[in-house]
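Listed below are the residues making up each chain.
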Amino acid sequence: MSSARSPARTAISDEAALPSQFTLGGARENHANYGVTVHAPEGLRRRLPLGADVSLYLNRSDNFRRQRQRYNVFEQPIESESGSTKEFGARLSLFHGKFELRATHYQTGANGATDAIVNPVPGNLAARVEGMIEQASEPQGLYQSRASNDNPDAAQRTTYQQGLAAFNAWLQTPGAQQLMKTFQFSTTTAPNGMTSVTRATRSGEVISTVDSVSEGLELEAVFNPTQSWRIAFNAAQ
């Protein structure tokens, strides 16, 4: 007779042990996509010259992408990425369908999109602040040495003293305090005055996003001189 032993498991009972801003809810979006095409009525087409036919069309579509909950540097939730496209245009047909000309204007927008350039900006800023706190507090470091009253270069000494004072004053501002709260800064000061900093990276969780819009005009001409030939021209801006 044999028995199987279950692997050991650990229950997390302390809320502080959970990931920051752990989200139990989900994201929900409602979108309506539609397209409308209007053709010239038969009575009007019979009166148009050169076997002409005219159509107008309009399309609208929206979408969004499911993803993990994201936050800005102020710890405010960022909505899911979303996008929308609108296009409208006209079609003119001549010689009973042998020649067609289409003109379409479109506009496509993206909101709250993740961009490789701006996405890591909050994390990079937090890393620079972390490094500056540590370097500025190092007793024999560059900043303290040049700001020291023992520095014979008076102009340099004044510049570094003013810089350190401005940085320390900024650390007390609401913006700096929020940044350090968002990235969970924890500081430890050694007996010699050196400050060590630890923080949460929150990579991919605290980010920056971009909104973008692109629009343009597309033209297309199609000529069917025979049943076997199809000649097309198109241009876009």
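Residues numbered from 1 in each chain as written. Predicted model: local features only at pLDDT ≥ 70, side-chain atom pairs only at ≥ 80, totals over all residues. Heavy atoms only, no water.

S.K.: Quick one: what's the story with the side chain of threonine 195, residue by residue and with numbers?
M.R.: Checked against the element boundaries, threonine 195 lands in strand β8 (residues 195-198). If near-sequence neighbours (up to four positions away) are discounted, threonine 195 is found in contact with Ile133, Glu134, Ser137, Thr187, Thr188 and Thr189. (Helix = DSSP H or I, 4+ residues; strand = E, 2+ residues; numbered from the N terminus. Contact = heavy atoms within 4.5 Å.)

S.K.: Could you give an account of the sheet that holds strand β2 (residues 53-64), naming the residues involved and the relevant values?
M.R.: The strand order across the open sheet built from 6 strands is β1-β2-β5-β6-β9-β10, with neighbouring strands paired in antiparallel fashion. The outermost strands of the open sheet, each flanked by one partner alone, are β1 (34-39) and β10 (231-236). Here the strands of the sheet are splayed against their neighbours by 10° on average, with no regard to which way each runs. Both strand β9 (residues 209-223) and β10 contribute to a ladder of 6 bridges, which runs antiparallel. Across the sheet, glutamate 218 pairs through a bridge with alanine 236, a residue of β10. (Pairing = 2+ DSSP bridges. Axes fitted to C-alpha atoms, helices over the stretch in contact; angles between N-to-C directions.)

S.K.: Explain helix α5 (residues 174-182) to me, using residue names and the numbers behind them.
M.R.: Regarding α5, the residues found buried are Ala176, Leu179, Met180 and Thr182. The buried residues of α5 occupy an angular sector of 160° when projected down its axis, which confines them to one face. In α5, the exposed positions that point more than 90 degrees away from the buried face belong to Pro174 and Lys181. Of the surrounding secondary structure, the elements contacted by the buried residues of α5 are α2 (121-137) and α4 (154-171). Just downstream of α5 lies glutamine 184, where phi reads positive at about 55°. (Buried < 20%, exposed > 50% of the residue type's maximum accessible area, 1.4 Å probe, protein only. Arc of directions from axis to C-beta.)

Geometric values such as these leave the question of function open.
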